[in-house]
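Structural description and commentary
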Amino acid sequence: MSRRSGGFSLIELMVTLAILALLASMAVPFAQLVQQRHKETELREALRQIRTALDAYKQSVKDGRVASPADGSGYPPDLDVLWQGVSDKTKPDAGRLYFLRRLPRDPFYPDTAAPPAETWGLRSYESPPDAPAPGRDVFDVYSLSPATGLNGVPYREW
């Protein structure tokens, strides 16, 4: 009787490697899906923060706390005003009104070195909803990404 050595055969090693390759090939798409979902959550939160700040700015103009031109819409002239602050007309010695601590950036924007305000598409009050265009004020923001979300809606339409 001959005794077999205690190692693995070549076939056993090949089967093990094939199983590991199959598991890895299933894990990579799942990791990409998780990453896309995370970015979509960031985008949803950033849009909510900016749109809430735009509405708060508009309300402050309506309440007489922020100066606005007579022919203006009451929305800010640019996104940077939201985090840089504006003078409070009702309390000139009190300082500034801030609507955001920092301006969030679009997580789908490819250039990470670009300033956050440049990562968003801007829609002015005068532009139609189906053809957003920048103008004298910022009424709304949208993602500049040409991609489509997991829900089938393009990010530009969120």
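Report on the accompanying structure.

Cut-offs used in this document
- Here the residue index of a chain counts from 1 through its sequence in written order.
- Confidence filtering applies because this is a predicted model: local features only for residues at pLDDT of at least 70, side-chain atom pairs given and counted only at 80 or more, and all residues used for totals across whole chains, interfaces and linings.
- By convention in this description, side-chain values take in all heavy atoms of the structure and omit both hydrogens and water.
- A helix here means a DSSP run of H or I that spans at least four residues, while a strand means a run of E at least two residues long, and both kinds are numbered starting from the N terminus.
- This radius of gyration counts C-alpha atoms alone. The globule rule is 2.2 Å times how many residues there are, raised to the power 0.38.
- The classification of residues rests on relative accessible area computed with a 1.4 Å probe and restricted to protein chains. Under 20% of the type maximum is buried, over 50% is exposed, and intermediate values are partly exposed.
- The contact definition used throughout considers only heavy atoms, calling two residues in contact when any of these lie within 4.5 Å.
- For the area figures, the Shrake-Rupley method with a 1.4 Å probe applies, and any residue is considered shielded solely by the protein chains shown.
- Only four residue types enter the charge count, namely Lys and Arg as positive and Asp and Glu as negative; His and the chain termini do not.
- Taken as the charge location is NZ of Lys, CZ of Arg, CG of Asp or CD of Glu.
- One side-chain nitrogen of Lys or Arg within 4 Å of one carboxyl oxygen of Asp or Glu is enough to make a salt bridge.
- Only residues above 30% relative accessible area that lack a salt bridge enter a patch, with like-charged residues linked at up to 9 Å and the nonpolar side chains Val, Leu, Ile, Met, Phe, Trp and Tyr linked at up to 5 Å.
- For this analysis, a polar contact is any N or O atom pair within 3.5 Å, provided that within protein one partner can donate a hydrogen and the other can accept it, and provided that sequence-adjacent residues contribute only side-chain to side-chain pairs.
- When DSSP finds two or more bridges between a pair of strands, those strands are recorded as paired.
- In this description, a nonpolar core means a group of buried Ala, Val, Leu, Ile, Met, Phe, Trp, Tyr and Cys residues linked to one another through side-chain atoms lying within 4.5 Å.
- In this analysis, the protein atoms alone were mapped onto a 1 Å grid. Cavities are point sets where a 1.4 Å probe fits without being able to get out; pockets are open sets with protein on both sides within 12 Å along at least five of seven lines; lining residues have an atom within 4 Å of a point.
- Grid points are joined across faces, edges and corners, and a volume is the space filled by probe spheres set on the points.
- We call Asp, Glu, Lys and Arg charged. Ala, Val, Leu, Ile, Met, Phe, Trp, Tyr, Cys and Pro are nonpolar, and the rest, Gly among them, are polar.
- Pairs were defined over the aromatic rings of Phe, Tyr and Trp, the Trp ring being its six-membered one, requiring ring centres within 6.5 Å. Orientation was assigned from the angle between planes: stacked under 30 degrees, edge-to-face over 60, tilted for the rest.

**Focus on the overall build of the protein chain**
In terms of regular secondary structure, the protein chain is built from 2 helices and 4 strands. Counting helices and strands in the order they occur from the N terminus, the protein chain gives α-α-β-β-β-β. A compact globule built from 158 residues should have a C-alpha radius of gyration of about 15 Å, whereas the protein chain, at 26 Å, is more than 25% larger. Based on the C-alpha atoms only, the size of the protein chain along its principal axes is roughly 100 × 40 × 25 Å. Burial statistics for the protein chain: of 158 residues in total, 30% are counted as buried. Excluding contacts between residues fewer than 6 apart, the proportion of contacts in the protein chain whose partners are at least 24 apart in sequence is 46%. Approximately 10700 Å² of the protein chain is accessible, and the part contributed by carbon and sulfur atoms is 59%. On the protein chain, the mean spot of the 19 positive side-chain charges and the mean spot of the 19 negative ones are 7 Å from each other.

**Some remarks on the pattern of salt bridges**
The tally for this structure, following the rule as stated, stands at 5 salt bridges. Ionic pairing is found between Arg51 and Asp140, a salt bridge with its closest N-O pair at 2.7 Å. One end of the pair, Arg51, is in helix α1 (residues 10-62); the other, Asp140, is in strand β4 (residues 140-143), and 89 residues separate them in sequence. Exposure remark for Arg51: the relative accessible area of 26% places this residue in the partly exposed category. Notably, a salt bridge pairs Glu126 with Arg136, separated by 3.7 Å at the nearest N-O pair. Of this pair, Glu126 sits in the loop between β3 (120-123) and β4 while Arg136 sits in the loop between β3 and β4, and the two are 10 residues apart along the sequence.

**What to know about a nonpolar patch on the surface**
A grouping of Leu10, Ile11, Met14, Val15, Leu17, Ile19, Leu20, Leu22, Leu23 and Met26 is seen on the molecular surface, where their side chains present a nonpolar patch of about 1100 Å² in accessible area. Among the secondary structure elements, Leu10 is positioned in helix α1.

**What about the side chain of Arg123?**
Following the sequence through the fold, Arg123 ends up in strand β3. At 4.6 Å, Asp140 is the nearest oppositely charged side chain to Arg123, a buried residue that forms no salt bridge. In terms of polar contacts, Arg123 uses its side chain to reach the backbone carbonyl oxygen of Ser127, at 3.2 Å. Other than its neighbours up to four places away in sequence, Arg123 contacts Pro128, Pro129, Pro132, Ala133, Asp137, Val138, Phe139, Asp140 and Tyr142.

**A closer look at the pairing of β4**
Neither face of β4 is open: one carries Asp140 and Tyr142, the other Val141 and Ser143, and all of them are buried. Alignment of β3 against β4, held across 4 bridges, turns out to be antiparallel. Along β4, the bridge assignment pairs Gly121 with Tyr142.

**Brief notes about the nonpolar core**
Judged by nonpolar contacts, the single largest core of 24 residues is most densely connected at Tyr57, Leu79, Leu82, Phe99 and Trp120. Secondary structure elements with two or more residues in this core: α1 and α2 (80-84). Counting residues per element, this core draws most heavily on α1, at 8 residues. If sequence neighbours within four positions are ignored, Trp120 has contacts with Leu43, Ala46, Leu47, Ile50, Leu79, Pro104, Arg105, Asp106, Val141, Tyr142, Ser143 and Leu144.

**A closer look at the layout of surface pockets**
Estimates place the volume of the largest pocket at around 170 Å³. Classifying every residue of the lining of the largest pocket by side-chain character gives 5 nonpolar, no polar and 6 charged.

**Some thoughts on the packing of aromatic side chains**
Using the criterion set out here, one finds 6 aromatic pairs in the structure. Plain terms: the ring middles of Tyr155 and Trp158 are 5.1 Å apart, the flat faces sit at 70 degrees to each other, and that makes the pair edge-to-face. By the burial criterion, Tyr155 is buried, and Trp158 matches it. Taken together through their ring pairs, the aromatic side chains of Tyr75, Tyr125 and Phe139 make up a single cluster.

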